[in-house]
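Okay, here's what each chain looks like letter by letter:
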Amino acid sequence: MLGTTTLAALPLGNMLFIIIAFLLLMLILKKVAYGPLTKVLDERADKISSDIDGAEVARQEAEKLASQRQAELAETRQNATKVVNDAKASAQKQSDLIVSAANDRAASVSQQAQTDAQKLKEDAISGAKNDVAALSVAIASKLMQKELSLNDQQALIDAYISDLETK
């Protein structure tokens, strides 16, 4: 009953004044406090949303750069492998050329040695023929006690040599 006495004690005019004052106070609070507060909160939400979007764009850009770097790294490795293979091929080619030149030089030296040996052999045979001819003439002239003419000596030498060649 205490509650009904309080309501009955408040006249209708006071009650109406309190309701209007309360509504005015709510309107002022909405305009002064709630409006700026919701505006600040909305701005903060927009900033957070744009930061999230910016972070997503940055993440996508980072992924793109990472994949691009991986592609460049693979290309660089491929180029390095190609350079190494080219260097190996060039070294092999130079090695083959050097070996070929050495073989050619060895064959040339061998051929020259054979030619020199053949010439020395022919010179030795020619010298031996001349020595044999001179000895033969000396022996023959002692045996015959006469001196042979140069033509006779040459004919005797040629006959002796042709006889040696047939044996």
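Residues numbered from 1 in each chain as written. Predicted model: local features only at pLDDT ≥ 70, side-chain atom pairs only at ≥ 80, totals over all residues. Heavy atoms only, no water.

Per an unreviewed UniProt entry, the chain is named ATP synthase subunit b, and its organism is Leuconostoc suionicum. Database annotation for the chain, UniProt heading Sequence similarities (unreviewed entry): "Belongs to the ATPase B chain family." (UniProt positions renumbered as here; feature names shortened; annotations may be inferred.)

*Asks:* Is there a simple way to think about the overall build of the chain in this case?
*Replies:* If you tally the helices and strands in the chain, you get three helices and zero strands. In sequence order, the chain lays out its α and β elements as α-α-α. Here the chain has roughly 14300 Å² of accessible surface; of this, 64% comes from carbon and sulfur atoms. (Helix = DSSP H or I, 4+ residues; strand = E, 2+ residues; numbered from the N terminus. Areas by Shrake-Rupley, 256 points an atom, 1.4 Å probe, with all protein chains shown as cover.)

*Asks:* Can you walk me through helix H3 (residues 150–166) in this structure?
*Replies:* Residues spaced three or four apart along an α-helix point in a common direction, a consequence of the helix completing one turn every 3.6 residues. Helix length check: H3, at 17 residues, gives a terminal C-alpha distance of 24 Å against a target of 24 Å (1.5 Å per residue), a fit within 8%. Every buried residue belonging to H3 is among Gln153, Ile157 and Ile161, and all of these are buried. The arc that holds the buried residues of H3, viewed along the axis, is 65°, so those residues lie on one side. Those residues of H3 that are exposed and aimed more than 90 degrees away from the buried face are Asn151 and Thr166. (Expected span 1.5 Å × (residues − 1). Buried < 20%, exposed > 50% of the residue type's maximum accessible area, 1.4 Å probe, protein only. Arc of directions from axis to C-beta.)

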